[in-house]
Every structure is written in C-alpha cells, then in structure tokens.
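Letter by letter, the chains look like this.
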Amino acid sequence: MQPNTPSSSSSYTTQEHPPRTDLWWDRIPSLKIVRPPRGPFSHNVDERCLTFCSQTVTGRVQGHDPWCRSLCVRRVFLHEVTRVLSHHQTQTVHREPGKPPRVETTEVVETAPVHHPLPPEGQRYSGWLHALLGRTADSESDPAHRLSDAPGGDDLRYWKAGWYLWWSKSRWAAQERFDLMRRSLESQTEWQRLKERRNEEWAHGAHYDENRYVEDANRVDDLGNMPPFPDVSHESILLPIPDTIALGEQLSNVLAPTWKVLDVVRESVRSGAQAELARRMYDKALTDEPLKLLRICCSLIWENMGFGDDEDGKNGGDTPESSRRKP
C-alpha cells in the first residue's frame, strides 16, 4: 500500500498563501535597509570575559584549586536599569507667515529608575579609580554612586548605565560569572538574595536539603563544614569605568612646559634672535679659533690617555699646559 502523495497542484493548504510567481524585476540586485533591534532585543555584545587558569602536578594530586585570573568588561544599557512607565506621541504645529503649517511629531517616553544592588565585590569600591582619572566618585554622573532614596539602605551601591570592569583570581567566581552571563540584572539580584538566604539558614543550623535546593548550583566536590555558597567576593573586584575621562585636562597639565618653550622659540624667531645667533656662529666658524680649540682638546685627550711626551715638557716644548700659561 503506497502512501498518499499530494499532487503539485495541492501542495499548500487553504490557510496558506499561494506561492508567489517569480517576476523578472525580482532578479535585479537591490539595496535593503535593515535596522537592528534595540533595547532588550538588541544583538549588541554587553560583556566580554577572558579567563586563564593553570594547574601543577602537586596541586592536582593534593586537590588544590587551580591558579586562575579572570577579566570581564561589562556594559550596562539604559533599558536594564530603567522601567518604561508610559509611551505616547505629541504633535506640535509650527506656523510661519507665508508657509503652510508644519506638524512636528515627538515621541515621549516616561521612565523610572530600577535599583539593582551591585554584587558584594562592587560594594567595596572606594572611588580610587575615579580619583586617579580626575573624577569624583560621589558625583551624580558616577555609575556607582550611592542613592539615599533607593530601597535597601543608604550604604548600598546600585547598577547604573555605563561600563564596568570585573577582575577575579577565584575559579569559583569565574564559574559563577559565566553562569551570570545568562541572567539579567534582576535575576542576578535574586540569585544573590538566594545565596544569602541559604547561607543564613546554614549559619542558624538549618539542614541543607539537596532535594529542596536542586535549583541551586550543582557541586561535585565535598563542601565539608562549609556554607552552601562560600563567599569568594573578597577575591574579586568590580569597578565602574567613567564614561568621560578628563584626558584633555591631564594632557594640558603635562604639556604646559612644552607650550611655554615653543612660545619662547617662536618669539625668538620672530624677533630675529635666532638669525643673529646663526650669523655669529657662521662668522666664528670662519676664524682659526675653532681649529685651535680642537687642537687643544685633542692634546688634552692624548695626554690624559698616557701618551704625552714628558721630555718635551722638560725641555720647554710647547705643551697644552705651557701654551695656556703663556701671556
């Protein structure tokens, strides 16, 4: 028994559109304008990480952690730290004499900030990077400034739109960082609260049920008498990178003496002092004084090297020393 094979005339159902006939102008090369999606649907890269680890033979035998160094650059976009409250359009009519009225449409988006606390390694930042770059860490433009009106306490620092630099020497922190690359800031905040809650339950003597916490990190090693999520944030650091670096002011301070020297040289050329100096040097070169100076220098060098003729000096010969003593 052969299966029923639909004919070519009924290769599509009634709900589908019939196949489009290939027209001749479709074969002409054309240009397509593609606008990439923005906001949460954007394909832009927001984080790049570089991790290097090494292990020794002794460390492998004794079960020591490998030597690891990790560096990540993270960019937080505006849509990650804001929430859209409303989105509407406004039209403004511009009237000019002798011209038809012109209607200008403007999109108005009202947003509100969303406060996501930085991880523990970002709470210890004291602002030394901003001070090194000539910025103040408590300014409103600083991505990690404290917010007194944000929930959760006045001493917390929160994510802001901008660039961040993350560095760690812990392999546990690197593994967790890779897991967090698939989570949003809100999900990362929930993960941090989950770890704190699990460690607090462990500290109060609560039993750690593997079946209950199966959604937590899967560990293959024996924790022993350790909390479910050991704190490795002290081996990591999270720094906000200033959006604008005052390089112009720093370069102007470094090059300030150079500008002064160039001004002096420019003024000397304009006044003719450089031309006068060149003329005097040329006139002096035409005399026999440079040749005499060269002869005296060569004689002194020859004498200091130990090749001087002492007999000539005893017989009253003309030596450089005697020639200089002559009136």
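Look up a bit, the structure's there.
Below, the structure is looked at part by part. (Residues numbered from 1 in each chain as written. Predicted model: local features only at pLDDT ≥ 70, side-chain atom pairs only at ≥ 80, totals over all residues. Heavy atoms only, no water.)

### Some remarks on the overall build of the protein chain
Each helix and strand in the protein chain was counted, giving eleven helices and six strands. When contacts within the protein chain are restricted to residue pairs at least 6 apart in sequence, those whose partners lie at least 24 apart make up 62%. Taken as a whole, the protein chain presents about 25700 Å² of accessible surface, with 56% of it coming from carbon and sulfur. (Helix = DSSP H or I, 4+ residues; strand = E, 2+ residues; numbered from the N terminus. Contact = heavy atoms within 4.5 Å. Areas by Shrake-Rupley, 256 points an atom, 1.4 Å probe, with all protein chains shown as cover.)

### Quick look at the packing of aromatic side chains
Under the defined criterion, the tally for this structure stands at two aromatic pairs. An angle of 75° between the planes, with centres 6.1 Å apart, marks the rings of F52 and W67 as edge-to-face. In this pair, F52 is assigned in strand β1 (residues 47-54) and W67 in strand β2 (residues 67-76), connecting sequence segments 15 residues apart. Measuring from ring centre to ring centre gives 4.7 Å for W159 and Y164, while their planes differ by 65°; the resulting arrangement is edge-to-face. In terms of burial, W159 and Y164 fall into one category: buried. For the cation-ring pair, R177 lies above W166, with the distance from its terminal atom to the ring centre recorded as 5.3 Å. (Phe/Tyr/Trp six-rings, centres within 6.5 Å; stacked < 30°, edge-to-face > 60°. Buried < 20%, exposed > 50% of the residue type's maximum accessible area, 1.4 Å probe, protein only. Lys NZ or Arg CZ within 6 Å of the ring centre and 35° of its normal.)

### Thoughts on the nonpolar core
Grouped burial of nonpolar side chains is what soluble globular proteins tend to show. Counting eleven residues, the largest nonpolar core consists of C72, V76, V81, L118, W159, Y164, W166, A173, L185, V232 and L238. Contributions of two or more residues to this core are made by β2 and β5 (162-168). With near-sequence residues (within four places) excluded, V81 lies in contact with V76, A112, P113, V114, W159, K160, A161 and L185. (Core = buried A, V, L, I, M, F, W, Y, C linked by side-chain atoms within 4.5 Å.)

### Quick notes on the sheet that holds β1
Spatially, four strands are ordered β1-β2-β5-β6 in an open sheet, and the strand pairing comes out antiparallel. The open sheet terminates on both sides in strands that have one partner only, identified here as β1 and β6 (236-241). Adjacent strand axes in the sheet meet at a mean angle of 10° when their direction is disregarded. Direction of pairing for β5 relative to β6: antiparallel, over a ladder of six bridges. Looking at β6, one finds that W166 is bridged to L238. (Pairing = 2+ DSSP bridges. Axes fitted to C-alpha atoms, helices over the stretch in contact; angles between N-to-C directions.)

### Some words on the pairing of β2
Here β2 shows one buried face, formed by C68, S70, C72, R74 and V76, and one open face, formed by W67, R69, L71, V73 and R75. Here β1 pairs with β2 via eight bridges, running antiparallel. What sits directly across from S54, in β2, is W67. Direction of pairing for β2 relative to β5: antiparallel, over a ladder of seven bridges. The residue of β5 that forms the bridge with V73 is L165.

### Observations concerning the environment of H94
Residue placement: H94 occurs in strand β3 (residues 82-94). By relative accessible area, H94 is classed as partly exposed at 28%. Between the C-alpha atoms of H94 and E104, which are ten residues apart in sequence, the distance is 7.5 Å. In contact with H94, not counting residues within four places along its chain, are P100, P101, R102 and E104. Within the structure, H94 has its side chain in polar contact with the side chain of E104 (distance 2.8 Å). (Polar contact = N/O pair within 3.5 Å; in protein donor to acceptor, adjacent residues only side chain to side chain.)

### A word on the pattern of salt bridges
Where charged atoms of side chains with opposite charge meet at close range, the side chains can pair. Summed over the entire model, instances satisfying the criterion amount to 15 salt bridges. Between K195 and E176 there is a salt bridge whose closest N-O contact spans 2.5 Å. Of this pair, K195 sits in helix α5 (residues 185-203) while E176 sits in helix α4 (residues 171-180), placing them 19 residues apart in sequence. Assessed through its relative accessible area of 12%, K195 is described here as buried. Between E267 and R270 there is a salt bridge, with the nearest N and O atoms lying 2.7 Å from each other. A residue pair is termed a helical-turn pair when its members lie 3 or 4 positions apart in one helix, as E267 and R270 do in helix α7 (residues 256-271) at three residues. (Salt bridge = Lys/Arg side-chain N within 4 Å of Asp/Glu carboxyl O.)

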